[in-house]
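Structure assessment
The chain contents come next:
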Amino acid sequence: MSLATLNLGKGLEPALLSGHPWIYRNHLPAHQLHSGDWVRVEAGKSAAFGLYDDEGAIGLRLFSQHDVPDDAWITARVEEALALRSGFDDKTTNAYRLIYGEGDFLPGITVDRYERYAVLKTYSASVERLVPTVVKALGQQLKLRGVLSRDASGLTPLYGQKPPPEVTIAEHGLKFIANLYEGQKTGLFLDHRENRKWLEPHTSNRTVLNLFSYTGGFSLYAARGGASHVTSVDVAEAANEDAKRNFALNDFDPDAHDFVTADCFDLLARYAQQNRRFDVIVIDPPSLARNKKSRHAALRAYRKLNATALTCLSPGGLLVSASCTSQVSPEEFRRVLGDAASEAKVRLQIVHEAGHASDHPVPATFPEGRYLKFVAARALPLA
Ligand code: SAH
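What follows covers the site of the ligand. Near the ligand you find 15 residues, and of these Arg196, Asp234, Asp263, Cys264 and Asp284 are the closest. With respect to the ligand, the backbone of Val235 contributes an N or O atom lying 3.1 Å from a nitrogen atom. One of the side-chain N or O atoms of Asp284 is found 2.6 Å from a nitrogen atom in the ligand. Taken together, the residues that form the shell around the ligand break down as 10 nonpolar, 1 polar and 4 charged.

Attention now moves to empty space enclosed by the protein. The probe, sized like a water molecule, is rolled over the atoms to show the empty space still left. All chains considered together, the criterion is met by 1 cavity of 30 Å³ or more. As a volume, the largest cavity reaches approximately 30 Å³. Contributing to the lining of the largest cavity are Arg97, Asp112, Lys185, Leu188, Leu190, Asp191, His360 and Tyr371.

Once that is clear, we can look at the layout of surface pockets. Here the second largest pocket defines a volume of roughly 210 Å³. If you go around the second largest pocket, you meet 16 residues; those closest to its centre are Gly19, His20, Pro21, Phe63 and Phe105. Going through the elements one at a time, helix 1 (13–18) and strand 5 (58–64) are the ones with two or more residues in the lining of the second largest pocket. The biggest single contributor to the lining of the second largest pocket is strand 5, with 3 residues.

Moving on: the state of the cysteines. If you walk through the whole model with that rule in mind, you get 0 disulfides. Looking at the unpaired Cys264, the closest cysteine sulfur is the one in Cys312, lying at 12 Å. For Cys264, a relative accessible area of 3% translates into the label buried. For Cys312, a relative accessible area of 0% gives the class buried.

It is worth spelling out the packing of helix 7 (residues 264–273) against helix 8 (residues 295–311) at this point. Each pair of packed helices can be described by the angle between their axes along with the distance between the axes. Two elements in contact, helix 7 and helix 8, have axes separated by 9 Å at closest approach and are oriented at 35°. In this structure, helix 7 meets helix 8 at a crossing whose hand is left-handed. Of the residues in helix 8, those touching helix 7 at Phe265, Leu268, Ala269 and Ala272 are Leu305, Thr308, Ala309 and Thr311.

Read from one edge of the open sheet, 7 strands run 15-14-13-16-17-19-18, paired in mixed fashion. Only two strands of the sheet have a single neighbouring strand rather than two, namely strand 15 (258–261) and strand 18 (346–354). Each adjacent strand pair in this sheet contributes to an overall mean axis angle of 15°, direction not counted. Two strands pair when backbone bridges link them, and strand 13 (residues 207–211) and strand 16 (residues 278–283) are joined in this way by 4 bridges, in the parallel orientation. Directly across from Val208, in strand 16, lies its bridge partner Val280. Seen against the sheet, helix 6 (residues 237–249) touches strand 14 (229–234) and strand 15 and runs at an angle of roughly 170° to strand 15.

This next bit is on the nonpolar core. Counting residues in hydrophobic clusters, the biggest one holds 33 residues, and the most contacted among them are Leu209, Leu211, Ile281, Ile283 and Leu310. Contributions of two or more residues to this core are made by strand 13, helix 7, strand 16, helix 8, strand 17 (313–323), helix 9 (330–344) and strand 19 (373–381). At 7 residues, helix 8 tops the list of elements feeding residues into this core. Among residues more than four places away in sequence, those in contact with Ile281 are Leu209, Leu211, Ala309, Cys312, Leu313, Leu318, Leu319 and Val320. In terms of nonpolar packing, the next biggest core, distinct from the first, is built from 27 residues, Leu51, Ala118, Val135 and Leu142 among them.

Conventions and cut-offs
- Residues numbered from 1 in each chain as written.
- Predicted model: local features only at pLDDT ≥ 70, side-chain atom pairs only at ≥ 80, totals over all residues.
- Heavy atoms only, no water.
- Near = heavy atom within 4 Å.
- Polar contact = N/O pair within 3.5 Å; in protein donor to acceptor, adjacent residues only side chain to side chain.
- Nonpolar A, V, L, I, M, F, W, Y, C, P; charged D, E, K, R; others polar.
- 1 Å grid on protein atoms, 1.4 Å probe; cavity = no way out; pocket = protein on both sides within 12 Å on 5 of 7 lines; lining within 4 Å.
- Points joined across faces, edges and corners; volume = space filled by probe spheres on them.
- Helix = DSSP H or I, 4+ residues; strand = E, 2+ residues; numbered from the N terminus.
- Disulfide = S-S within 2.5 Å.
- Buried < 20%, exposed > 50% of the residue type's maximum accessible area, 1.4 Å probe, protein only.
- Axes fitted to C-alpha atoms, helices over the stretch in contact; angles between N-to-C directions.
- Left-handed = near helix turned anticlockwise from the far one by under 90°.
- Contact = heavy atoms within 4.5 Å.
- Pairing = 2+ DSSP bridges.
- Core = buried A, V, L, I, M, F, W, Y, C linked by side-chain atoms within 4.5 Å.

Below, the structure written as structure tokens:
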């Protein structure tokens, strides 16, 4: 098979040399490629091999700088990815990301593990051709019951069997129900695992408000950390029902805590008006910007949400604020929190910062891979 070569022009030489995995469509010269075709690209003295896609802003996903990847190349990447996750002790944590696409040098493919099942997602049609090799390599390395592909139509088995309607996974020794068929993302928000754990020792004898609580992730760690009371708020009734079941599953009495089905923006404004106070407030909203254009609106929303939360914190209380909006950089998010502190008239001390954990690795030359911001800060009265 003869391979097309596209010359991208010298301007893209540094990007190709760095191993950056994307070429935007508007950087491609005229060509006759079809979705799923392998292509060699060159720029100045550098070259790379990638898959072409007809749709989306990313025209090419690059894999190797040496050759078209064969099965052995793909298998080697899967093995590297698994080696990075070998430190997890299955007894206490058996849900984590096995392959983080570009982060594991397999652009466009993510795989999440939930106990003995793995859920695979592709982000472009072209990479579908790599899936059988990825699945085979995973199957050979891990004792999985099933590897499933998840898309809009549901779960399709790629290997082994389908999971039951609910799988119970372990995360740092806590149990969580995961619905791999309908849960958000591939079931749970695995990216915050270490951030949830971070919260635990900061909750002893404190009142905790967990905003955008989904199935109670941060709330369960707060309960285990000895929080005197946890209020979990999510707009989705079903998520709250699962949060209550997760409390019971871990032997925490759901009736001793509050699970509120409400819009967090409205509820928080009401709490502020009512002078409600909490010792710890966790804020983990969904992405607030879908594209660059909505970035400013997202920054304003973060500022308002965090400023209102700060007015609901007891003196010396802890604001634990996350952002998964990739268009907002860690620096911008920190600045937003600073602005929120000025608006709320408090001194805000950042005591901890993180992103996602080691199962979501970010190549040094692919900063786009880091989307999650997690900041914990103590709020003190003006002095
Ligand atoms: N912190 C969670 C994940 C949160 S995901 C964890 O660790 O598992 C974001 C959640 O926000 C989703 O459950 C979604 O239902 C909820 N949500 C989205 N918009 C909302 C709104 N305006 N008010 C309340 N909840 C909202």
